[in-house]
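Results of the structural survey
So the chains spell out like this:
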Amino acid sequence: MEIIDYTIVIIYFILSFGIAAYYYKRAGKSSEEFFLSGRNLPWYLAGLSMVATTFAADTPLAVTELVAKNGVAGNWVWWNFAFGGLLTVFFFARLWRRSGVMTEVEFTELRYSGKQAGFLRGFRSIYLGLFMNVIIIGWVNSAMIAILQGMFGIPESQVMIYVFAAMLFVAIYSAISGLWGVVVTDAVQFIIAMGGTIVLAVVVVTSPEIGGLSGLKEKLPASTFEFFPRIVSVGAGDVAGVMSITLVAFLAFIGIQWWASWYPGQEPGGGGYVAQRMMSAKDEKHSLYATLFFQIAHYALRPWPWILVGLSTLVLYPDLADKKLGYIYAMNDFLPAGLKGLLVAAFFAAYMSTIATQLNWGTSYLINDFYKRFVKPLSTEKEMVAASRIVTLLLMVVGAIATMYITRISGAWEFILEAGAGLGLVLILRWYWWRINAWSEISAMVAPFIFLPLVRYFSIEFPFSLYYLVSATTIVWIVVTFATKPESEETLIRFYRKVYPGGRFWKPISDKVGKIQGASEAKFGLMFIGWFAGVVLVYSVLFGIGSLLFDTWQMAAMYFAASAASTTAIIVVFSKYGWKNLN
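Residues numbered from 1 in each chain as written. Predicted model: local features only at pLDDT ≥ 70, side-chain atom pairs only at ≥ 80, totals over all residues. Heavy atoms only, no water.

Attention now moves to the overall build of the protein. Check the secondary structure of the protein and you find 27 helices and 3 strands. Taking 25 Å as the expected radius of gyration for a compact globule of 583 residues, we find that the protein reaches 24 Å, a close match to that expectation. Along the first, second and third principal axes, the C-alpha atoms of the protein reach 70 × 55 × 55 Å. Counting over 583 residues, the protein shows a buried share of 60%. Here the analysis covers contacts within the protein between residues at least 6 apart in sequence; of these, 80% occur between residues at least 24 apart. Roughly 22500 Å² of accessible area belongs to the protein as shown, and the carbon and sulfur atoms make up 68% of that amount. For the protein, the distance from the average position of its 42 positive side-chain charges to the average position of its 34 negative side-chain charges is 11 Å. (Helix = DSSP H or I, 4+ residues; strand = E, 2+ residues; numbered from the N terminus. Rg over C-alpha atoms; globule rule 2.2 N^0.38 Å. Buried < 20%, exposed > 50% of the residue type's maximum accessible area, 1.4 Å probe, protein only. Contact = heavy atoms within 4.5 Å. Areas by Shrake-Rupley, 256 points an atom, 1.4 Å probe, with all protein chains shown as cover. Lys, Arg positive; Asp, Glu negative; His and termini not counted. Charge placed at Lys NZ, Arg CZ, Asp CG, Glu CD.)

The following block contains the structure:
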């Protein structure tokens, strides 16, 4: 890197800190300002922040690895989550905003009651806010370590110092600015990160070694560009560079995984930092629009620059053992001075947006759901903000320490999906069925850890393991639900009056409550139409853009016609809600 590259990176860091300093006083007003931006985020900032958070430093590398091994279709291992994401948009976004809670974990004691609800809230605040959080932070740090070593040749013995310095910078501006600063910085960081990756894709694809998109198509098998996996009768593997799996395995991805398994950022029914952004929105309308924008940008708009570079690495570095490193090599080999600095700034932006959200979101659980709930219930708002800033810094230290012990991240996502298999349905139904109680959720969290060793013993591999784990876990929580008492009528009525989910599965409670003045009726028919149209919109835009890039014009026209029809359907759904415009 040249002086101009380092200058660009330094300017980026100054800009990020300047935004944090601007929101310092506002964040210090209250814990609600610190963690939820005073519940006043417009949809575009909340949506951009969600997209920026899911664009971590490891994301382009992970997509490069998927594409290099299994072609474009290899991305179905994460594309399938769009089904669940759109379910969150139309069935849960408004409910999260309506609930009025500060965190997903606080929702536990709104929906349930008794000592078991308190235990569940306390356990999840530590399990998610600390344990799972530092694993994710370590995962992201590991990718940043690979980038720093690949770009700068930093020795392994020294690279952790640089990562720790970057984490310290993020922790300081997160502690200073609260969620407002994190969200606004996220928006700036996302623009920089996407701009950088688009520039890299253009430079690499138009290079003489690739010869443009037409040259790329000539140099790789046609199967590499297929959007859908090939369904084979036996086994799974790499057939002529395309993802090939059995029908049973494919159905596990698109028919089970997205609704049955808990996964950070893709929680069935919403949760984690996605729920935090929904609860931070100005109102229910902004909450829904923010989440819809997130799903479209996350799945349909963002992946193609990464995919194009990933395909190019197959041509440029065919013998590379660690496929994800091809992305870093392409940055080093093809970017001139200035642009290289832009890409490094882009990766720092992607890294920092994710780490900032993990620190703020994790701290919200530890402060609101553990410290305030169990340690110091009478703490003042000033004390809460001060404790939040201290915990943000401490969480950074724990995350840095955890990074030193994470030596292997491949397969971690499979373990997380298996460890949460079967929990997803409880997280969905707790909103819409009165009979779900705290023991339902507790048993659904514990059961996968009991059955997972048995699945391993019989050598049942992912994703086939989902069939067994989801079935067993579902049987357990259903039995536990009916073997234990329902939540008290007082708790259920309070929840129903607050959230007003509607539906036949709340009839024993709704009959007692009656019509709630000013509450909007749940229109399940419209919600299903919106969900289906949203799914069609996301995939049609995704494949329409891909068809344009690969010169299949007729298919592109078909996909964009489908996207136009689905957009029209969504507009009609919104009009039925009386949403003509944004306030």
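Having seen the model, we can carry on.
Once that is clear, we can look at the environment of G211. Residue placement: G211 occurs in the loop between α11 (156-205) and α12 (212-219). Between the C-alpha atom of G211 and that of V536, which follows or precedes it by 325 residues, the distance is 33 Å.

Bringing the packing of aromatic side chains into the picture now. One pass over the full model with this rule turns up 55 aromatic pairs. Look at Y22 and Y23: their rings are 5.0 Å apart centre to centre, the planes differ by 85°, and that puts the pair in the edge-to-face class. Y23 sits in the buried class, given a relative accessible area of 13%. Plain terms: the ring middles of W79 and F543 are 5.7 Å apart, the flat faces sit at 75° to each other, and that makes the pair edge-to-face. Remark: F543 occurs in helix α26 (residues 524-549) and W79 occurs in helix α6 (residues 76-79); sequence separation between them is 464 residues. Under the relative-accessibility criterion, W79 is labelled buried at 0%. (Phe/Tyr/Trp six-rings, centres within 6.5 Å; stacked < 30°, edge-to-face > 60°.)

Let us now look at helix α24 (residues 489-499). Those residues of α24 that fall on the buried side of the exposure criterion are T491, L492, F495, Y496 and V499. Viewed end-on, α24 has its buried residues packed into an arc of 130°, placing them on one side of the element. The elements touched by buried residues of α24 are α8 (93-99), α9 (107-111), α21 (423-432) and α25 (507-513). Y500 sits one or two positions beyond α24 and adopts a positive phi of about 50°. (Arc of directions from axis to C-beta.)

Here the focus is helix α5 (residues 59-70). In an α-helix there are 3.6 residues to a turn, and that puts residues three or four apart on one side. Helix length check: α5 (12 residues) gives 16 Å between terminal C-alpha atoms against 16 Å at 1.5 Å per residue, within 8%. Buried within α5 are the following residues: T59, P60, L61, V63, T64, V67 and A68. Looking one or two residues past α5, G71 carries a phi angle of roughly 70°, positive in sign. (Expected span 1.5 Å × (residues − 1).)

For the protein, per-residue confidence averages 87 on the pLDDT scale, and residues scoring 70 or more make up 95% of the total. This model gives residues 236-240 a pLDDT under 50, and the stretch forms 15 contacts once residues within four places in sequence are excluded. (pLDDT = per-residue confidence, 0-100.)

Taken as a whole, this structure holds 17 salt bridges when the rule is applied. In this structure, R230 engages E226 in a salt bridge whose closest nitrogen and oxygen atoms are separated by 3.0 Å. You can call R230 partly exposed: its relative accessible area is 32%. Two residues, E418 and R456, come together in a salt bridge whose shortest N-O distance is 2.5 Å. Taken as a pair, E418 in helix α20 (residues 412-419) and R456 in helix α22 (residues 438-457) lie far apart in primary sequence, 38 residues in all. Take R456: its relative accessible area is 42%, and that puts it in the partly exposed class. Here the salt bridges do not stand alone but share partners, grouping E104, R124, R430 and E441 into one network. (Salt bridge = Lys/Arg side-chain N within 4 Å of Asp/Glu carboxyl O.)

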